[in-house]
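# Breakdown of the fold
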Amino acid sequence: MTIEKFIKNNKSAIRNTIEKFVDRETAKDIEQDVYVKLWKTSTYKKGMAFVKTVVVNTCKDFFRSKQYKISNLNNTEDTELLKVKDNKEVAENKIDNIFRQKLIKKAIDKLPPKMKEVIILYDIEELQQDAIAKKLQCPVGTVKSRLFKARKLLYDDLKILLE
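All values derive from a computational prediction rather than experimental measurement.

According to the stated counting rule, one finds 7 salt bridges in the structure shown. The shortest N-O distance in the salt bridge between glutamate 25 and lysine 28 comes to 3.5 Å. Placement of both glutamate 25 and lysine 28 in helix 2 (residues 24–41) is noted, with a separation of 3 residues, approximately one turn of the helix. Note that aspartate 157 is salt-bridged to lysine 110, the shortest N-O span being 3.2 Å.

Given below as C-alpha cells:
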C-alpha cells in the first residue's frame, strides 16, 4: 500500500486522534508532521497500532516544542514548564502531566451535561453519591447510572492514555 492510499483511507482517524489533544489549526500542522514521519519510517505499513503511537508521540513532541512554550507564555498552567531548566526527566514528566490533564479536561467537556455534572461532583469535588442525588434532586440510582455511563464514555475517549 502506498502512503497516499494509506492517508486517503485513514486521514479522518488520524485527524480525530490529533484533535483530542489540540485545536483544529494546530492539528493541521501536527497531521502533516505525522504523515512525514510515517512516510520516512514506513511505519504506516505496520498497522494502525504503530500509527497511533506515532500520532501520540508527535503530539507529545509538539507539547515539548519551543513553539508551544512560546505560544503559551501567558498561560499560567504551562508557565511551570518554563521554570524547569536543569532536570530533563522532571520537565518531561511535567509535560506529560499537562498533556494528560488537557486530554482529560477535553474529554470531560465533551460529555453530555448531566453526565459531566455527575463526574465533576463525584470525581473532582469528591461528593458522595447520596449528596449528589440531593443536590441534583434525583434518585441515587440515577446518579450511579450517569456516573457509569460517563466513565464508559471517558474510557472510550481516553483509552489512548493507557497504550
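Next up on the list: unusual backbone geometry. Even without being glycine, glutamate 126 reaches a positive phi, approximately 55°. As for its placement among the helices and strands, glutamate 126 is situated in the loop between helix 7 (113–124) and helix 8 (129–136). In this structure glutamate 126 comes out as exposed when scored by relative accessible area, which is 62%. Of note in this structure, glutamine 137 is not a glycine but carries a positive phi near 55°. Among the secondary structure elements, glutamine 137 is positioned in the loop between helix 8 and helix 9 (140–158).

This brings us to the packing of helix 8 against helix 9. In the contact formed by helix 8 and helix 9, the axes pass within 8 Å of each other and the chain directions differ by 105°. The angle between helix 8 and helix 9 falls in the class roughly perpendicular. Judged by residue contacts, Gln129, Asp130, Ile132, Ala133 and Leu136 of helix 8 engage Val140, Val143, Lys144, Arg146 and Leu147 from helix 9. Class assignment of the residues belonging to the contact of helix 8 with helix 9 gives a composition of 6 nonpolar, 1 polar and 3 charged.

Assignment of secondary structure puts cysteine 59 in helix 3 (residues 48–64). As a C-alpha pair, cysteine 59 and valine 34 span 25 residues in sequence and 9.0 Å in three-dimensional space. Contacts of cysteine 59, omitting those with residues within four sequence positions, involve Ile18, Phe21, Ile30 and Phe99.

The next thing to look at is the side chain of aspartate 157. Positionally, aspartate 157 belongs in helix 9. Contacts of aspartate 157, omitting those with residues within four sequence positions, involve Lys20, Ala107 and Lys110.

A word on helix 8. Three or more residues of helix 8 are buried, namely Ile132, Ala133 and Leu136. Buried residues of helix 8 fall within an arc of 100° about the axis and therefore sit on the same side. Residues of helix 8 that are exposed and angled more than 90 degrees away from the buried face: Lys134 and Lys135. Those residues of helix 8 that are buried are in contact with helix 7 and helix 9. Positive backbone phi, at 55°, marks glutamine 137, one or two positions downstream of helix 8.

Residue placement: serine 145 occurs in helix 9. Here the alpha-carbon distance between serine 145 and valine 118, two residues 27 residues apart in the chain, equals 9.8 Å.

It is worth spelling out the packing of helix 1 (residues 3–19) against helix 2 at this point. Where helix 1 meets helix 2, the closest approach of the two axes is 10 Å, and the angle between their N-to-C directions is 140°. It follows from the interaxial angle that helix 1 and helix 2 lie oblique. Two packed elements cross with a definite hand, and for helix 1 against helix 2 that hand is right-handed. Contact residues: Ile3, Phe6, Ile7, Lys11, Ile14, Arg15, Ile18 and Glu19 in helix 1; Arg24, Ala27, Ile30, Glu31, Val34, Tyr35, Leu38 and Trp39 in helix 2. Counted by class, the contact of helix 1 with helix 2 contains 11 nonpolar, no polar and 5 charged residues.

Reading guide: rules and limits
Every chain begins its residue count from 1, and numbering advances along the sequence as written. Local features in this predicted model are restricted to residues whose pLDDT is 70 or higher, and side-chain atom pairs enter the listing and the counts only when it is 80 or higher, whereas totals over whole chains, interfaces and linings include all residues. Calculated side-chain values reflect all of the structure's heavy atoms, with hydrogen atoms and water omitted. We define a salt bridge as a contact between a side-chain nitrogen of Lys or Arg and a carboxyl oxygen of Asp or Glu at a distance within 4 Å. Put simply, DSSP H or I for four residues or longer makes a helix, DSSP E for two residues or longer makes a strand, and each gets a number counted from the N terminus. Partly exposed describes any residue whose relative accessible area lies between the buried limit of under 20% and the exposed limit of over 50%, with all areas from a 1.4 Å probe on protein chains only and scaled to the type maximum. The convention used is that axes are lines fitted to C-alpha atoms, helices contributing only their stretch in contact, and that angles between N-to-C directions extend from 0 to 180 degrees. Each angle gets one of four labels, with under 35 degrees taken as roughly parallel, over 145 as roughly antiparallel, 65 to 115 as roughly perpendicular, and the rest as oblique. In what follows, residue pairs with any heavy atoms lying within 4.5 Å of each other are defined as contacts. For this scheme, ten residues count as nonpolar: Ala, Val, Leu, Ile, Met, Phe, Trp, Tyr, Cys and Pro. Four count as charged, namely Asp, Glu, Lys and Arg, and the remainder, Gly too, count as polar. By construction, the arc corresponds to the directions joining the helix axis to the C-beta atoms. Crossing chirality is assigned from the near helix's rotation relative to the far helix, an anticlockwise turn below a right angle marking it left-handed and a clockwise turn marking it right-handed.

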